[in-house]
Amino acid sequence: MDAKELKTAIRQLKSSCTDNQSVEVRESVGKMPSSIAETISAFANGSGGAIVLGLSEKNGFEPAERLEAHRIADALSQACSDKLTPPARASIDILEYDGANVVVATIAEIPLRD
């Protein structure tokens, strides 16, 4: 997901006031969400999807304050490789949204053979 796709996805989330089947938003300030492995697994075992860390759903999908984007990106990468068997394939980027950094993981669908 690039910056343009991120803006489009967030605009859709704002209009529906919730996450959807292909994009999950988490605030993730201070620590990685405890259920992140389940979310990664659901996308990997489904049709794929994107996880956006650093946005507050309860505050209208606005950037969360004090997100340590590089630390969260590293923790997310580790979760993809260490907490799932087989490891999930994810493209993890730090993108700018509304003047703040967010972490975006695009989770690929795991092939049926795996």
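Participant: Lay out the pattern of salt bridges with the relevant residues and their values.
Facilitator: Across all of its chains, the model carries four salt bridges by this definition. In this structure, Glu62 engages Lys14 in a salt bridge whose closest nitrogen and oxygen atoms are separated by 3.0 Å. Of this pair, Glu62 sits in strand β4 (residues 62-63) while Lys14 sits in helix α1 (residues 3-16); the two residues are 48 residues apart in sequence, bridging distant segments of the chain. Residue classification places Glu62 among the partly exposed positions, given a relative accessible area of 28%. With relative accessibility at 32%, the residue Lys14 sits in the partly exposed group. Put simply, Glu68 and Arg71 hold a salt bridge, and the shortest N to O gap is 2.9 Å.

Participant: Which residues make up the environment of Ile36, and what values go with them?
Facilitator: By the element assignment, Ile36 lies in helix α2 (residues 36-44). Residues Ile36 and Phe61 lie 25 residues apart in sequence; the distance between their C-alpha atoms is 18 Å. Aside from chain neighbours lying at most four places away, what touches Ile36 is Arg26, Ile51, Leu53, Leu76 and Ala79.

Rules used in this analysis
Residues numbered from 1 in each chain as written. Predicted model: local features only at pLDDT ≥ 70, side-chain atom pairs only at ≥ 80, totals over all residues. Heavy atoms only, no water. Salt bridge = Lys/Arg side-chain N within 4 Å of Asp/Glu carboxyl O. Helix = DSSP H or I, 4+ residues; strand = E, 2+ residues; numbered from the N terminus. Buried < 20%, exposed > 50% of the residue type's maximum accessible area, 1.4 Å probe, protein only. Contact = heavy atoms within 4.5 Å.

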